[in-house]
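Take a look at the letters that make up each chain.
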Amino acid sequence: MLSHLFSATSVLYLLWIIMAQVAGQEDREKTTALKDLLSRIDLDELMKKDEPPFSFPKTLEEFEYAFNENGQLRHIQTGEPFVFNAREDLHRWNQKRYEALGEVIWLACLSLPWKNSGTESKVDATDDEPRSFIYLSTDALTNPNKLLVLIQGSGVVRAGQWARRLIINQDLDSGTQIPFIMKAMEEDYGVMVLNPNENYLEVEKPAKDSPINSPAEPSEEPAEKRERKDEQESKKKREFYEKYRNPQKETETERIPIRENTSSEEHVLYVWDHFVSKAAAKNVFIIAHSYGGLSFVELMNQREMQVKNRVCAVALTDSAHNIWHQETSKGTQDWMQQCCCNWVSSPEPLDTQLEPMLPDCPRVSAGTERHELTSWMSFESIFRFFNEVLKTKEEEEAEENANVVTTRSGSLKNKHQDL
């Protein structure tokens, strides 16, 4: 009896072992099959998203944003500040949206400082070619006393702006030239707002002919150079497609340069020759930010005596000029030391005198370490500087006139005695 029981138990145990081995083998086969399946799946590809079209609103209202009473950009529905990452993991689309918003904001800001002030724009090109423009107050060319000229830095900013990032993320006062324009008008300045970054007209390229209709001519480039170009093109395509399954194709454009305004330096020179030099004001004041300072120094290189005779004072804000690289004259350097002041980014308190780096204009702290904020932070100091310079000039002129009168009186008295 016991022997039969032992035999049955042994058989069951052996069967259990066999079944366990079979089950283990099936699990291993399933695991292997799963690994094989996963190895064939490109997880990066699965994570990709279809990139949305690059079609964005044309007005601030359509973007659902507006400027509140403090000049801050806020969402109409939520009241929240602007959010760059509107769609996660779509950086290129977010950047395009940001740029589109920037263009809309510029158009919205264009008329703000000119409301009820009777100002006009001036186009500096003929009707049959690409054109740029500047803004003139109605008395910019006729004001007999004071004229303020505003020159921005380089980049995407246009007429009337200091920094797009400040306009979108901070407020209108810090990012635009509106406070400077309004303050100048209150103090009876004529105003010119330059537009040095609009240097070309961007137009869509015409569609290329099909290779079937227009067979490509054999290239005369060396084989090695062609291979390098092909490799670079392939790399661009890989980078283009590595983020999205269906990336949007950007429109191909070409740039048509604007005559005599192909750079910031050319634009400033053109405006000087065609507008500033013809203005009636005997006291010209200039505010130039960043690359605008470099453009002003280049103007001095080209029109040194004219600038010295017409310009009363220049306020630079974190200027990018370099008198050595730009090869300025000793006379220009001496004049800049007397008539210019550069408010630079610094941790020191506002208007703190700083060590000069070059033998040109004095450097003082703008009270901020942020380059784009230097103009706004120096706002009050700049107009105070202008007023002090003008007051000193008027006192010197009055003294000179008094001396002339005294000299003439003495001369007449001597002649009378001789007679």
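Residues numbered from 1 in each chain as written. Predicted model: local features only at pLDDT ≥ 70, side-chain atom pairs only at ≥ 80, totals over all residues. Heavy atoms only, no water.

A. Broad picture of the packing of helix α8 (residues 264-274) against helix α9 (residues 291-302). At a minimum axis distance of 9 Å, the contact between α8 and α9 shows a crossing angle of 55 degrees. Judged on the interaxial angle alone, α9 and α8 are oblique. Between α8 and α9 lies a crossing of right-handed hand. For the pair α8 and α9, contact is made by S264, E265, V268, L269 and W272 and by Y291, L294, S295, E298, L299 and Q302, respectively. Taken together, the residues of the contact of α8 with α9 break down into six nonpolar, three polar and two charged. (Axes fitted to C-alpha atoms, helices over the stretch in contact; angles between N-to-C directions. Helix = DSSP H or I, 4+ residues; strand = E, 2+ residues; numbered from the N terminus. Parallel < 35°, antiparallel > 145°, perpendicular 65-115°, else oblique. Left-handed = near helix turned anticlockwise from the far one by under 90°. Contact = heavy atoms within 4.5 Å. Nonpolar A, V, L, I, M, F, W, Y, C, P; charged D, E, K, R; others polar.)

B. Geometry of α8. Looking only at α8, the buried set comprises S264, H267, V268, Y270, V271 and W272. Along its buried surface, α8 packs onto β4 (133-136), β5 (146-151), β6 (190-193), α9, α10 (304-310) and β10 (311-317). (Buried < 20%, exposed > 50% of the residue type's maximum accessible area, 1.4 Å probe, protein only.)

C. Quick peek at the nonpolar core. Within the largest apolar cluster, 34 residues are counted, with the highest numbers of intra-cluster contacts made by L147, V149, M192, I286, F296 and W335. Each residue touching L147, except ones within four places of it in the same chain, is listed here: A140, Y189, G190, V191, M192, V276, A279, A281, N283, V284 and F285. Counting residues in hydrophobic clusters, the runner-up holds 28 residues, among them Y189, V193, F285 and F385. (Core = buried A, V, L, I, M, F, W, Y, C linked by side-chain atoms within 4.5 Å.)

D. Structural view of helix α11 (residues 330-339). Among the residues making up α11, those that are buried are T332, Q333, W335, M336 and C339. All buried residues of α11 lie within an arc of 165 degrees about the axis, which places them on one face of the element. Of the residues in α11, the exposed ones pointing more than 90 degrees away from the buried face are K330 and Q338. (Arc of directions from axis to C-beta.)

E. Structural detail: the pairing of strand β11 (residues 340-344). Of all five residues making up β11, five are buried, and the element is well covered by its neighbours. Of the two faces of β11, the one lined by C340, N342 and V344 and the one lined by C341 and W343 are each fully buried. Judged from the four bridges that link them, β10 and β11 form a sheet pairing that is parallel. Counted as the bridge partner of L316 is N342 from β11. Across three bridges, β11 lies against strand β13 (residues 363-365) in parallel orientation. Note that in β13 the partner of N342 across the bridge is R363. (Pairing = 2+ DSSP bridges.)

F. Just the confidence of the model for the protein, in detail. For the protein, mean pLDDT is 81; residues scoring 70 or higher make up 71% of the total. Per-element confidence in the protein ranges from a low mean pLDDT of 51 for helix α2 (residues 43-47) to a high of 98 for strand β9 (residues 283-289). Across residues 210-219, where pLDDT falls below 50, the model places two contacts with residues more than four positions away in sequence or in other chains. (pLDDT = per-residue confidence, 0-100.)

G. Structural view of the side chain of N94. Note on placement: N94 falls in helix α3 (residues 91-109). A relative accessible area of 0% means that N94 is categorised as buried. Setting aside its immediate chain neighbours within four residues, N94 contacts F84, N85, A86 and R87.

H. Layout of the environment of L354. Take L354: it is sitting in strand β12 (residues 353-354). Between the C-alpha atom of L354 and that of S365, which follows or precedes it by eleven residues, the distance is 6.8 Å. In this view, L354 contacts V344, S346, E348, R363, V364 and S365; residues no more than four positions away in its chain are not counted.

I. Representation of the pattern of salt bridges in the model. A full pass over the atoms with the stated rule returns ten salt bridges. The partner of R384 in a salt bridge is D351, and the shortest N-O contact between them spans 3.4 Å. On the criterion of sequence distance, the pair formed by R384 in helix α13 (residues 379-418) and D351 in the loop between β11 and β12 is long-range, its members being 33 residues apart. A residue is classified by how much of its surface remains accessible, and R384, at 41% relative accessible area, is partly exposed. Looking at D351, the relative accessible area reads 30%, which means it is partly exposed. For R370, the salt bridge is made with E372, and the minimal N-O distance between the two is 3.1 Å. (Salt bridge = Lys/Arg side-chain N within 4 Å of Asp/Glu carboxyl O.)

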